[in-house]
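# Examination of the molecular architecture
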Amino acid sequence: METIKKKSAKKGMYENVMKQYDQAADIMNLHGGIRKILANTNNEIVVHFPVKLDDGTIEVFTGYRVQHNNALGPYKGGLRYHPTVDIDAARALAMWMTWKSAIAGLPYGGGKGGIQIDPSKYSEAELERITRRFTYALGDNIGPDLDIPAPDVNTNAKIMAWIADTYSSIKSPSVRQKNMHVVTGKPVYSGGLAGRDRATGFGVVVNIKNWAKTNNIDLKDKTFIVQGFGNVGYWASHFLIKEGAKLIAVQDASGTIVADNGIDPESLLDHTKNNSGNVAGFVDAAEFENGGFFGIKCDIVIPAALGNQITEENCETIQAQVIAEGANGPVNTEAERILLDKGIQIIPDILCNSGGVIGSYYEWLQNKRSENWKISMVLDMIEDKIIDAYDRVVETSQKHNVSWRVGAYVVALERLEQTYKERGVFP
Ligand code: GLU
């Protein structure tokens, strides 16, 4: 059965981000010195740490945290638990975070990391010990005003609570509470933000709505397919269906399911909860055996799983009008060129999935102010920021006559260039 391409997921991710970067830096004629600074990561932390497993044996794990740039504010970005996590993937993902935060106008830089594991192979108790020991190994390389991790692939609110608890427990009791916002994406009772869980998927749909508006398209009865039914895939489906669109196929690591009459994301979510998170075996849809998931005829494609899923090998089959990148780096540079030539629009990841980090920013502010915010207010604030960013990206792309991705990079790089020019380079 056809599933997500895991092998290629990290292949060339770093080259991909550098190609995108060079293209944008050329177009805007980015200052030479600043270009050198941003082409490099500031810090790369690799930790090896031991954990006792349930059967009493000891395993040594490898964890990463890459801090790309902090010119605009503390490093910010997720931690993922996945076999594809390595230094190159962390570098690429950290760079994307720098651009993403800058486009959204957030006072953050970019970081990313994680542990190279398949979390499904460990018990919950083991995952808790792995997480706590990883946090301990990172020590003061992270911190509420230095580097603030968040959920990413295979990490969630519960894992963030363990990180916050471990990090703050190794501080003096007098400053413990002040350290809880070392991570965002926490459970609501542990200082989390109402709405942070759905922020990324919600933001993807705000972008799709903006795209529809710009192109005079009515989303009612438009069909869409989603790759990945984790947090982003589910919430994007949930919100897009509210606009009258129809979910006709979903693919995850367990397989691909299709239903021309539409898949109800709420029933699918219930199914995954009782099926180790997998979509395969969902009764109200058929299994799709033919390969070519992205070639399924539909209007909107939402890749919301791993990187490098749409490449020159499979992009020719895509018939949709738009690709909304819920994942980070799902379309490689070669595929993007082919797709743009075919007239397919791509809402780039660094804009499309920025609802997550925008939500994180509000969680961090809520914590700094010791407040509790209402979900309706939070979603409105996220929507406002995305609309502003979307308009700026479209305007900049038109001005330079470039794709939305290059336009998005230019928006980010202009902000960073300006900051460096104002402050200079120490000493
Ligand atoms: N992991 C998410 C991303 O890639 C969220 C990062 C954050 O909230 O800091 O954007």
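Above: the structure in question.
Summarised in this report is the structure supplied together with it. (Residues numbered from 1 in each chain as written. Predicted model: local features only at pLDDT ≥ 70, side-chain atom pairs only at ≥ 80, totals over all residues. Heavy atoms only, no water.)

Below, the discussion takes up the sheet that holds strand β11 (residues 322-324). The strand order across the open sheet formed by 7 strands is β9-β8-β7-β6-β10-β11-β12, and the pairing between neighbours is mixed. The open sheet is flanked by β9 (286-287) and β12 (345-347), the only strands paired with a single partner. Both strand β7 (residues 246-252) and strand β8 (residues 255-258) contribute to a ladder of 4 bridges, which runs antiparallel. Residue pairing in the sheet places alanine 249 in a bridge with valine 258 of β8. On the sheet, helix α7 (residues 231-242) packs against β6 (223-227), β7 and β10 (300-303) and is oriented at approximately 170° with respect to β6. (Pairing = 2+ DSSP bridges. Helix = DSSP H or I, 4+ residues; strand = E, 2+ residues; numbered from the N terminus. Contact = heavy atoms within 4.5 Å. Axes fitted to C-alpha atoms, helices over the stretch in contact; angles between N-to-C directions.)

So, on to the side chain of threonine 135. Examined against the element boundaries, threonine 135 turns out to sit in helix α4 (residues 124-138). Aside from chain neighbours lying at most four places away, what touches threonine 135 is Ile163, Thr166 and Tyr167.

Moving on, we get to the pairing of β7. The buried fraction of β7 amounts to 6 of the 7 residues, a majority that puts the element mostly inside the structure. Looking at chain direction, β6 and β7 are connected through 5 bridges and run parallel. Paired with isoleucine 225 across the strands is alanine 249, a residue of β7. A crossover connection joins β6 to the parallel β7 through α7; in handedness this β-α-β unit is right-handed. Between β7 and β8, which pair antiparallel and follow one another directly, the connecting turn spans 2 residues. (Buried < 20%, exposed > 50% of the residue type's maximum accessible area, 1.4 Å probe, protein only. Right-handed = clockwise from strand over helix to strand, strands pointing away.)

The biggest cluster of nonpolar side chains holds 90 residues, and the ones touching the most others in it are Trp99 and Ile302. If one sorts the elements of this core by residue count, helix α13 (residues 404-423) sits on top with 10 residues. Leaving out residues up to four positions away in the same chain, tryptophan 99 has contacts with Val17, Tyr21, Leu38, His68, Ile350, Tyr409, Ala412, Leu413 and Leu416. Formed by 25 residues, the second largest nonpolar core is a distinct cluster that contains Ile45, Phe49, Leu53 and Met160. (Core = buried A, V, L, I, M, F, W, Y, C linked by side-chain atoms within 4.5 Å.)

Okay, helix α12 (residues 375-400) next. Compared with an ideal rise of 1.5 Å per residue, which puts 26 residues at 38 Å, α12 spans 38 Å between its outermost C-alpha atoms and is within 8% of the ideal. Buried residues of α12: Val378, Leu379, Ile382, Ile386, Ala389, Tyr390, Val393, Val394, Thr396 and Ser397, and no others. Packing partners of the buried residues in α12 comprise α3 (87-103), α6 (199-214), α10 (349-352), α11 (355-368) and α13. After α12 finishes, the residue asparagine 401 shows a positive phi value of roughly 55°. (Expected span 1.5 Å × (residues − 1).)

Here the structure, examined in full by the defined rule, presents 25 salt bridges. Linking lysine 209 and glutamate 243 is a salt bridge whose minimum nitrogen-to-oxygen distance equals 3.7 Å. With lysine 209 in helix α6 and glutamate 243 in the loop between α7 and β7, this pair connects stretches of sequence that are 34 residues apart. Notably, a salt bridge pairs arginine 405 with glutamate 325, separated by 2.9 Å at the nearest N-O pair. Note that arginine 405 is positioned in helix α13 and glutamate 325 in the loop between β11 and α9 (333-341), a separation of 80 residues in sequence. Look at arginine 405 and you get buried, because its relative accessible area is 3%. (Salt bridge = Lys/Arg side-chain N within 4 Å of Asp/Glu carboxyl O.)

Among all positions of helix α8 (residues 265-273), only Pro265, Leu268, Leu269, His271 and Thr272 are buried. Projected onto a plane normal to the axis of α8, the buried residues spread over an arc of 160° and lie on a single side. The inward-facing, buried residues of α8 contact α7, β7 and β8. (Arc of directions from axis to C-beta.)

On to the sheet that holds strand β1 (residues 43-52), then. Across the sheet, 5 strands lie side by side as β1-β2-β4-β3-β5; this open sheet has mixed pairing. Two strands lie at the open edges of the sheet, namely β1 and β5 (147-151), each paired on one side alone. Each strand axis lies, on average, 20° off the axis of its neighbour in the sheet, ignoring direction. Two elements, β1 and strand β2 (residues 58-69), share 10 bridges in a ladder whose sense is antiparallel. Bridging from a neighbouring strand, isoleucine 45 pairs with arginine 65 of β2.

Below, the discussion takes up the environment of arginine 337. In this fold, arginine 337 is placed in helix α9. For arginine 337, a relative accessible area of 52% puts it in the exposed group. Linking arginine 337 and alanine 89, residues 248 residues apart in sequence, is a C-alpha distance of 22 Å.

What follows concerns the packing of aromatic side chains. Using the criterion set out here, one finds 16 aromatic pairs in the structure. Summarising the aromatic geometry, the rings of phenylalanine 229 and tyrosine 234 are spaced 5.9 Å apart at their centres and angled 75° between planes, so their arrangement reads as edge-to-face. Of the aromatic side chains, those joined through ring pairs into one cluster are Tyr108, Tyr361, Tyr362, Trp364 and Trp373. Positioned above the aromatic ring of tyrosine 14 is the side chain of arginine 91, whose terminal nitrogen or guanidinium carbon lies 5.9 Å from the ring centre. It is lysine 368 that lies over the ring of tryptophan 364; its NZ or CZ is 4.5 Å from the centre. (Phe/Tyr/Trp six-rings, centres within 6.5 Å; stacked < 30°, edge-to-face > 60°. Lys NZ or Arg CZ within 6 Å of the ring centre and 35° of its normal.)

So yeah, pure geometry; function would need other evidence.
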